[in-house]
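# Coordinate analysis (summary)
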Amino acid sequence: MKKLVLAFTVLAASVSAATVQAKSCPVDVQHEVRIAGDQVSVYEAGQPKLLIDENNNVFVNGKQLDLNDMQQRALNVYSESVKENLPKMADLAKDGVGVANDVLDEVSADFDSKESFAKVQSLIDEYAAKANDKFYPEGEFVMPKDLFDEMDTSWKAEFEQALKHVSMESASAMFAALSAEMKDGDLSFSELQTKFSDLKARLEARIRSRSSEMAVKANDLCDSMKGLAQEEQEVQKVIPELKDYQVFEI
């Protein structure tokens, strides 16, 4: 059973690809950003300081800026990029949960007793809810200040603890299911060993495949963040009033 725990430890590395990538992604988040519908807000010390509304009007400290055509076009491009790319942070977390669910399905499919894995599913669902709450605490998307630092410290620690629980419960569930089969005379010890080896090989293959997928998505996300940082620099050149509430820094 220790081998199963090892397999799920490998899974932890797979699902945390976003966290690992965040550390090497050379972008710092200077201000909190919130997206509510088509509105983008930049916060400082818990207060909204910059707002781009659904019509791409921009307000700084409640005062609307009078933009010329060139400034308006630059703002439109930037705000659309923000609304398209920032929520991908939450999507990557969902993908990680999807990896965990896929591996759980792979484990439980070989057993008649789905109930044995109910606690594992509950743990994964609990982690999924917590991950979603980090980005959608009140229903709207929030990207906190110092996001990547948080991902590399407290979020990573929480994730690793959750995966540790999933690993142990998965090993326990598999042991219980195999023991029940042996008790009922449906499985010999030799067959148990063969079944376990086959399952472990399938798990490792699935984990390697999904880990590669997650790494690619994490790299793409980092590229998107760097692109946003560059777009922000460009829009600040034509709208200098936005510089006081810079979001991204490379």
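Before going into details, it helps to say that this report is about the structure given with it. (Residues numbered from 1 in each chain as written. Predicted model: local features only at pLDDT ≥ 70, side-chain atom pairs only at ≥ 80, totals over all residues. Heavy atoms only, no water.)

The next thing to look at is empty space enclosed by the protein. Across all of its chains, the model carries four cavities of 30 Å³ or more by this definition. Lining the second largest cavity are 14 residues; nearest its centre among them are Val42, Leu50, Tyr78, Glu232 and Val247. Breaking the lining of the second largest cavity down by element, the ones donating at least two residues are strand 3 (39-44), strand 4 (47-52), helix 3 (69-85) and helix 7 (189-238). The dominant element in the lining of the second largest cavity, judged by the number of residues it contributes, is helix 7, at three residues. Taken together, the residues of the lining of the second largest cavity sort by class into eleven nonpolar, two polar and one charged. (1 Å grid on protein atoms, 1.4 Å probe; cavity = no way out; pocket = protein on both sides within 12 Å on 5 of 7 lines; lining within 4 Å. Points joined across faces, edges and corners; volume = space filled by probe spheres on them. Helix = DSSP H or I, 4+ residues; strand = E, 2+ residues; numbered from the N terminus. Nonpolar A, V, L, I, M, F, W, Y, C, P; charged D, E, K, R; others polar.)

This brings us to helix 3. Taking 1.5 Å of rise per residue, the 17 residues of helix 3 would be expected to cover 24 Å, and the 24 Å separating its terminal C-alpha atoms lies within 8% of that figure. When helix 3 is considered as a whole, its buried residues turn out to be Gln71, Leu75, Tyr78, Ser79, Ser81, Val82, Lys83 and Asn85. The N-cap residue of helix 3 is Asn68: its side-chain oxygen and the backbone nitrogen of Met70 are 3.1 Å apart. (Expected span 1.5 Å × (residues − 1). Buried < 20%, exposed > 50% of the residue type's maximum accessible area, 1.4 Å probe, protein only. Polar contact = N/O pair within 3.5 Å; in protein donor to acceptor, adjacent residues only side chain to side chain.)

Taken in spatial order, the six strands line up as 6-5-4-3-2-7 in an open sheet, and their pairing is antiparallel. In this open sheet, the two edge strands, each paired with only one partner strand, are strand 6 (63-64) and strand 7 (141-143). The pairing of strand 3 with strand 4 spans five bridges and is antiparallel. Paired with Val42 across the bridge in strand 4 is Leu50. (Pairing = 2+ DSSP bridges.)

Right, let's get into the pattern of salt bridges. For the coordinates displayed, the defined rule picks out six salt bridges. For Arg34, the salt bridge identified is with Glu140, shortest N-O distance 3.9 Å. Taken together, the positions of Arg34 in strand 2 (residues 32-36) and Glu140 in the loop between helix 5 (118-135) and strand 7 put the pair 106 residues apart, joining distant regions of the chain. Residue classification places Glu140 among the partly exposed positions, given a relative accessible area of 24%. A salt bridge links Lys83 to Glu80; the nearest nitrogen and oxygen atoms lie 3.1 Å apart. Of this pair, Lys83 and Glu80 are both found in helix 3, three residues apart, which corresponds to roughly one turn of the helix. Overall, the relative accessible area of 15% leaves Lys83 in the buried class. Glu80 gets classed as partly exposed once you look at its relative accessible area, which sits at 42%. Members of the salt-bridge network, linked through shared partners, are Glu32, Arg34 and Glu140. (Salt bridge = Lys/Arg side-chain N within 4 Å of Asp/Glu carboxyl O.)

Everything listed here is a matter of geometry and, on its own, says nothing about what the molecule does.
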